[in-house]
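Survey of secondary and tertiary structure
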Amino acid sequence: MAPQQRKPHVCRNPDLIRGVGKYSRSKMYHKRGLWAIKAKNGGAFPKHEKKAVAAAPAEKPPKFYPADDVKKPLVNKRKARPTKLRASITPGTVLIVLAGRFKGKRVVFLKQLTSGLLLVTGPFKINGIPLRRVNQSYVIATSTKVDISGVNVEKFDDKYFGKKVEKKKKKGEGEFFEAEKEEKNTLPQEKKDDQKSVDAALIQCIEAVPDLKSYLGARFSLKAGMKPHELVF
Amino acid sequence: MPFKRYVEIGRIALVNYGKDYGKLVVIVDVIDQNRALVDAPDMVRGQMNFKRLTLTDIKIDIKRVPNKKTLIAALEAADVKNKWESSSWGRKLIVQKKRASLNDFDRFKIMLAKIKKAGVVRQELAKLKKETTA
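Residues numbered from 1 in each chain as written. Chains lettered and ligands numbered in written order. Predicted model: local features only at pLDDT ≥ 70, side-chain atom pairs only at ≥ 80, totals over all residues. Heavy atoms only, no water.

**Some thoughts on the packing of aromatic side chains**
Note the cut-off: Here is the rule: rings of Phe, Tyr and Trp (six-membered ring for Trp) pair when centre to centre is within 6.5 Å. Planes less than 30 degrees apart are stacked, more than 60 are edge-to-face, and the remainder are tilted. Summary of the burial criterion: residues with accessible area below 20% of their type's maximum are buried, those above 50% are exposed, and those between are partly exposed, where the area comes from a 1.4 Å probe applied to protein chains only. A ring is scored as having a charge over it whenever the NZ atom of a lysine or the CZ atom of an arginine sits within 6 Å of its centre and within 35 degrees of its normal.
In this structure the tally under the stated criterion is six aromatic pairs over all chains. Here tyrosine 160 of chain A and phenylalanine 161 of chain A contribute two aromatic rings whose centre-to-centre distance is 5.1 Å and whose plane-to-plane angle is 75 degrees, an arrangement assigned as edge-to-face. Note on accessibility: tyrosine 160 of chain A and phenylalanine 161 of chain A belong to one class, buried. Of the aromatic side chains, those joined through ring pairs into one cluster are Phe156, Tyr160 and Phe161 of chain A. Sitting above the plane of the phenylalanine 233 of chain A ring, arginine 107 of chain B keeps its charged end 5.7 Å from the centroid. Positioned above the aromatic ring of phenylalanine 105 of chain B, the side-chain terminus of lysine 109 of chain B is 4.4 Å from the ring centre.

Okay, here's the thing in structure tokens:
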């Protein structure tokens, strides 16, 4: 018989309550058939011979004992994981940014990066928000979703958004006062192209829904009579 | 100012407090000065203090403490649901519920619609003003 065809075995000693079984030790001894095993083995429980343990090589006593006891740090098996994403935030959700220079703006969520931050885009043509990282805590998730299946966000990760490391120039005395730094505040063309490619598919899906484009272009604000704890987003 | 809505068997009331807040129930029996036996198609028959009930204009024809089947049949026959939803009180409640459940996007669309409507009204008003002054 193949092992998969076995019926799942019912527990021999069901719990009356947690920690208390239905049958006593002596009853269980009988149920498990230990008496039969003993009888088969001539009165005693069959024993295996112990495997011969190889003699451990003789350890020399250490030459040096430290003067004070060194405390060992406790074991820590925690793994670093990205922040747990709220269930209301799924790819394509419209989020309301609550802090920073884009506060109040409505933005489309793309994916969560490994650092836990959310990758988000305006789209840029609609409300001026580029591909950007945003913390989950500074965001309200609305229940409006945009279809994001046509967008490829595989290549974006935290390193893409990190600050560029400038190569240190050797200080020359003449150059001290001239400040020969190039104004590196222009965005590299590559990032502009990335923005365009991500937004192209998104904007098509957004324009398919009436009013969604102007919705994303408008800022959110609390008006008189709006009670945030009663609002449904 | 005599009373118009009386507590009687078959009176439909709105629950205004408690677990069944907002439900329409039928007064099926009167227990004592303060409490009534109350029943609805989707709840277990039970007692409720009159203070938790607000009487409506609707009354159905039932005998004291009918069984659930008879009650539901009587409610259908009197068409309570439609009468309630077409009454101004019932309509107001429906609108309140709708407003409370609005999405952020829905609120935005409503804002646009209100502005549009106001624009149309203002145009018409301007036209009428011109006609009367001219």
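The structure having been displayed, the exposition proceeds.
**Here's the deal with the environment of asparagine 13 of chain A**
Residues and elements named next belong to chain A. Basically, it comes down to this: Only runs of H or I of at least four residues qualify as helices and only runs of E of at least two qualify as strands under DSSP, and these elements are numbered from the N terminus. Any two residues whose heavy atoms approach within 4.5 Å at even a single point are treated as in contact. Polar contacts, as used here, are pairs of N or O atoms within 3.5 Å; protein pairs need one atom able to donate a hydrogen and one able to accept it. Residues neighboring in sequence count only if both atoms are side-chain atoms.
Of note, asparagine 13 is situated in the segment before strand 1 (15–17). For the pair asparagine 13 and arginine 133, spaced 120 residues apart in the sequence, the C-alpha separation amounts to 56 Å. Leave out the neighbours within four places in its chain, and asparagine 13 touches Gly21, Lys22, Tyr23 and Met28. For asparagine 13, the side chain forms a polar contact with the main-chain nitrogen of tyrosine 23, separated by 3.0 Å.

**What to know about the side chain of aspartate 158 of chain A**
Residues and elements named next belong to chain A. Inspection of the secondary structure assignment puts aspartate 158 in the loop between strand 7 (139–145) and helix 4 (189–208). Among the residues examined, aspartate 158 registers a relative accessible area of 16% and is labelled buried. Those residues in contact with aspartate 158, other than ones at most four positions away along the chain, are Leu113, Thr114, Ser115 and Arg133.

**Some thoughts on a positive patch on the surface**
Heads up, the condition is: Two distance rules govern patches: like charges are joined within 9 Å, and nonpolar side chains (Val, Leu, Ile, Met, Phe, Trp, Tyr) within 5 Å, applied only to residues with over 30% relative accessible area and no salt bridge. For the area figures, the Shrake-Rupley method with a 1.4 Å probe applies, and any residue is considered shielded solely by the protein chains shown. When a carboxyl oxygen of Asp or Glu lies within 4 Å of a side-chain nitrogen of Lys or Arg, that pair is called a salt bridge. Note on charges: Lys and Arg go in the positive column, Asp and Glu in the negative column, and His and the chain ends are not counted at all. Each charge is placed at NZ for Lys, CZ for Arg, CG for Asp and CD for Glu.
On the surface, a cluster of positive charge is made up of Arg12, Lys22, Lys31 and Arg32 of chain A. Within the element layout of this structure, arginine 32 of chain A appears in helix 1 (residues 25–32).

**Points about the interface of chain A and chain B**
Applicable threshold: As used here, buried area is the combined drop in accessible area, with a 1.4 Å probe, of two parts when they are placed together. Residues were grouped as follows: Ala, Val, Leu, Ile, Met, Phe, Trp, Tyr, Cys and Pro as nonpolar; Asp, Glu, Lys and Arg as charged; and all remaining residues, including Gly, as polar.
Across the boundary between the two partners, chain A contributes 18 residues, which contact ten residues of chain B. Summed over both partners, the interface of chain A with chain B buries about 980 Å², with 57% contributed by carbon and sulfur atoms. Taking the shortest distance from any N to any O, the salt bridge between aspartate 104 of chain B and arginine 106 of chain A comes out at 3.1 Å. Counting only elements with at least two residues in the side of chain A that touches chain B, the list comes to strand 7 and helix 5 (212–217) of chain A. In terms of residue class, the side of chain A that touches chain B is built from eleven nonpolar, four polar and three charged.

**Structural notes on the confidence of the model for chain B**
Rules: Per-residue confidence from the predictor is reported as pLDDT, a score between 0 and 100.
Residues of chain B with pLDDT of at least 70 account for 100%, and the chain-wide mean is 95. As a predicted assembly, this complex carries a pTM of 0.74 together with an ipTM value of 0.80.

**Observations concerning the nonpolar core**
Condition: What makes a nonpolar core is a set of buried Ala, Val, Leu, Ile, Met, Phe, Trp, Tyr and Cys residues whose side-chain atoms join them at distances within 4.5 Å.
Judged by nonpolar contacts, the single largest core of 24 residues is most densely connected at Leu110, Leu119, Leu131, Val146, Phe156, Leu202 and Ile206 of chain A. Every element with two or more residues in this core is listed here: strand 4 (106–112), helix 4 and helix 5 of chain A together with helix 4 (104–133) of chain B. Among the elements that take part in this core, helix 4 of chain A stands out by supplying four residues, more than any other. Residue contacts for isoleucine 206 of chain A: discarding those within four places in its chain leaves Val108, Pro123, Ile126, Val146, Leu212, Lys213 and Leu216 of chain A. Of all hydrophobic cores here, the second largest spans 14 residues; its members include Ile58, Ile60, Leu75 and Val80 of chain B.

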